[in-house]
Amino acid sequence: MEKMAIGVMLGVGDDPEESLRKVREVGVNNAQMGCPPDEYLSGEKFEQLKKAIDAGGITITAVFCGFPGESYADIPTVQQTVGLVPPTTRSERLQKSKEIADFADRLGVKEVCAHIGFVPEDSSEPVYREVVEAVREVCDHCAANGQMFGLETGQESAAALKRFIEDVGRPNLKVNFDPANMILYGSGEPIAALDVLRDYVVSCHCKDGKWPTAPGQLGTEAPLGQGDVGMDKFIAKLKEIGYTGYLTIEREISGDQQKQDIIAARQLLEKLRG
Ligand code: MG
């Protein structure tokens, strides 16, 4: 594999095949895949999807879990709705995570990722132990498939995330490092955070953003190179820690502007990567 090959985050909507075409249109051949609609997880639609991936010559580098009912509107809403933290949806989402891991396995994908939600910083809270147990269960399921489970960064400080990973204590628990999320959630300076988490980072999002301006609010995502991450410093730090994985561009808007921003991001990364 080419070192630091550039790819994209593929937000899969109701038409995964259409989304796959977009990967090629921005000039890359690899992508992380958002969770597709349920009917694509197995059966005839799955075969159709697999054929489209192969025909496009696209490597799927990771599959992301996503769950009905999640909302990223603002920080309190994220705390209440996202990932494996909310107790009322936890068992059904655990089941769904395993189904997504098996779907990824059928595609030959060795990394499954998720936003698991806001893990409390206070490890004496009961919910902390419950989330540790839930993540162990997902890790063990992934391990049986020969997969890693990657935690998306942003909702905790790097130190809190590192302690959580150590408390889970599963060797296949890793990090998908998103520098912009550290900024958007106000969780800490991303380059220093990458240093803290360096032993766990197996994939990353190349995304940019600006710091929040009011408590409880999220910051604002920006085109790559136009936010507060400092893409030159980010790529330099990745090189310093010996990272050789994919550079997956993530731009969370839609339409033609998304495509243009992704192409510009690819060009910027080609330059910075050297
Ligand atoms: Mg991300």
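Sequence order sets the numbering: in each chain, residues are counted from 1 along the sequence as written. Restriction of local features to residues with pLDDT of at least 70 applies here, the model being predicted, together with a cutoff of 80 or more for giving and counting side-chain atom pairs; totals for whole chains, interfaces and linings are based on all residues. Only hydrogens and water are set aside; all other atoms, that is, all heavy atoms of the structure, feed into the side-chain values.

(A) Local environment of the overall build of the protein chain. Only DSSP runs of H or I with at least four residues qualify as helices, and only runs of E with at least two residues qualify as strands; both kinds are numbered from the N terminus onward. Scanning the protein chain from N- to C-terminus turns up 10 helices and 10 strands. By the compact-globule yardstick of 19 Å for 274 residues, the protein chain fits well, its C-alpha radius of gyration being 17 Å. The dimensions of the protein chain, computed from C-alpha atoms along their principal axes, are 50 × 45 × 35 Å. Every one of the 274 residues in the protein chain was classed for burial, and the buried ones make up 55%. The contact criterion used is simple: two residues touch if any of their non-hydrogen atoms lie within 4.5 Å. In the protein chain, of all internal contacts separated by at least 6 residues, the share reaching a separation of at least 24 is 74%. The method behind every accessible area is Shrake-Rupley, applied with a 1.4 Å probe, and residues are considered shielded solely by the protein chains displayed. Accessible surface, the protein chain: about 11600 Å² in total, of which carbon and sulfur atoms supply 48%. The positive charge centre, built from 30 side chains, and the negative charge centre, built from 43, are 5 Å apart in the protein chain. Here the globule rule is a power law, 2.2 Å times the number of residues to the power 0.38, and the radius of gyration is based on C-alpha atoms. Summary of the burial criterion: residues with accessible area below 20% of their type's maximum are buried, those above 50% are exposed, and those between are partly exposed, where the area comes from a 1.4 Å probe applied to protein chains only. As used throughout, the charge tally considers Lys and Arg to be positive and Asp and Glu to be negative, leaving His and the chain termini uncounted. Each charge is placed at NZ for Lys, CZ for Arg, CG for Asp and CD for Glu.

(B) Main features of the coordination of the magnesium ion. Listed as protein donors to the magnesium ion are E152 (OE), D178 (OD), H205 (ND1) and E250 (OE); their distances from the metal cover 2.0 to 2.2 Å. With water omitted from the atoms examined, metal sites may look incomplete; donors here are N, O and S atoms no farther than 2.8 Å from the metal, or 3.2 Å in the case of Na, K and Ca. Of note, the magnesium ion draws all its donor residues from one chain, in the sequence arrangement E-x25-D-x26-H-x44-E. With a gap of 98 residues between them, E152 in strand β5 (residues 148-152) and E250 in the loop between β10 (247-249) and α10 (255-273) connect regions that are remote in the sequence. The pair formed by E152 and E250 is uniform in burial state, with each residue classed as buried.

(C) The sheet that holds strand β1 (residues 6-10), seen in detail. Criterion used throughout: strands pair if DSSP finds at least two bridges between them. Taken in spatial order, the eight strands of this closed barrel run β1-β2-β3-β4-β5-β6-β7-β10, and their pairing is parallel. Within this sheet the neighbouring strands show an average axis-to-axis angle of 30°, counted without direction. Looking at chain direction, strand β3 (residues 59-64) and strand β4 (residues 111-114) are connected through two bridges and run parallel. Each bridged residue has a counterpart across the sheet, and for V63 the counterpart in β4 is V112. Every angle, taken between N-to-C directions, lies between 0 and 180 degrees, and every axis is a line fitted to C-alpha atoms, over only the stretch in contact when it is a helix. In the packing of α10 onto the sheet, the strands contacted are β1, β7 (201-206) and β10, and the crossing angle to β10 comes to about 155°.

(D) Representation of the packing of aromatic side chains. Note on ring pairs: Phe, Tyr and Trp rings are taken, using the six-membered ring of Trp, and paired if centres are within 6.5 Å. Classes follow the plane angle, with under 30 degrees stacked, over 60 edge-to-face and the rest tilted. For the coordinates displayed, the defined rule picks out four aromatic pairs. Seen in terms of ring centroids, F46 and F103 are 5.8 Å apart; in terms of plane orientation they differ by 80°. Their pairing is edge-to-face. In this pair, F46 is assigned in helix α2 (residues 43-55) and F103 in helix α4 (residues 90-106), connecting sequence segments 57 residues apart. Comparing F46 with F103 shows no difference in burial state: the two are buried. With centroids separated by 5.9 Å and ring planes inclined at 70°, the aromatic side chains of F118 and Y185 adopt a geometry described as edge-to-face. One end of the pair, F118, is in the loop between β4 and α5 (126-144); the other, Y185, is in the loop between α7 (179-184) and α8 (190-196), with 67 residues separating them in the sequence.

(E) Examining the pairing of strand β2 (residues 30-33) more closely. Taking every second residue as pointing to the same face, both faces of β2 are buried, with N30 and Q32 on one and A31 and M33 on the other. In terms of strand pairing, β1 meets β2 through three bridges, oriented parallel. Each residue of the ladder has a partner; that of M9, found in β2, is Q32. You can see the chain leave β1, run along helix α1 (residues 16-25) and come back into β2, and the turn it takes is right-handed. For the handedness criterion, the strands are oriented away from the viewer, and a crossover whose path from the first strand over the helix to the second runs clockwise is classed as right-handed.

(F) Seen up close, the packing of α1 against α2. At a closest axis distance of 10 Å, the pairing of α1 and α2 adopts a crossing angle of 10°. In terms of their interaxial angle, α1 and α2 are classed as roughly parallel. Every residue of α2 that contacts α1 at P16, E17 and L20 is listed here: Q48, L49, A52 and I53. When its residues are assigned to classes, the contact of α1 with α2 shows five nonpolar, one polar and one charged. The cut-offs work like this: below 35 degrees is roughly parallel, past 145 is roughly antiparallel, 65 to 115 is roughly perpendicular, and the gaps in between are oblique. Ten residues, namely Ala, Val, Leu, Ile, Met, Phe, Trp, Tyr, Cys and Pro, are considered nonpolar, four, namely Asp, Glu, Lys and Arg, are considered charged, and the remaining ones, Gly among them, are considered polar.

(G) Fine view of the side chain of Q147. By secondary structure assignment, the location of Q147 is in the loop between α5 and β5. Polar contacts, as counted here, are pairs of nitrogen or oxygen atoms within 3.5 Å of one another; within protein the pair requires one atom able to donate a hydrogen and one able to accept it, and residues that are adjacent in sequence qualify only if both atoms are side-chain atoms. Here the side chain of Q147 touches A101 through a polar contact of 3.0 Å, landing on its backbone oxygen. Setting aside anything within four residues of it in sequence, one finds Q147 in contact with A101, A104, D105, V109, K110, V112, C142 and N172.

(H) Broad picture of the pairing of β1. When you tally the buried positions in β1, you get five out of five residues, the bulk of the element. Bridge count for β1 against β10 is three bridges, and the pairing is parallel. Looking at β10, one finds that G7 is bridged to T248.

(I) Spotlight on the pattern of salt bridges. Each salt bridge in this description consists of a side-chain nitrogen of Lys or Arg and a carboxyl oxygen of Asp or Glu lying within 4 Å of one another. Following the criterion strictly, the structure yields 20 salt bridges and no others. With its nearest N and O atoms 3.9 Å apart, the salt bridge here joins R198 to E240. Taken together, the positions of R198 in the loop between α8 and β7 and E240 in helix α9 (residues 231-240) put the pair 42 residues apart, joining distant regions of the chain. Residue class for R198 comes out partly exposed when judged on its relative accessible area of 33%. Measuring nitrogen to oxygen at the nearest pair gives 2.7 Å for the salt bridge that ties E252 to K207. With E252 in the loop between β10 and α10 and K207 in the loop between β7 and β8 (208-210), the pair connects residues that are 45 residues apart, well separated along the chain. Salt bridges sharing common partners tie together D178, K207, E250 and E252.

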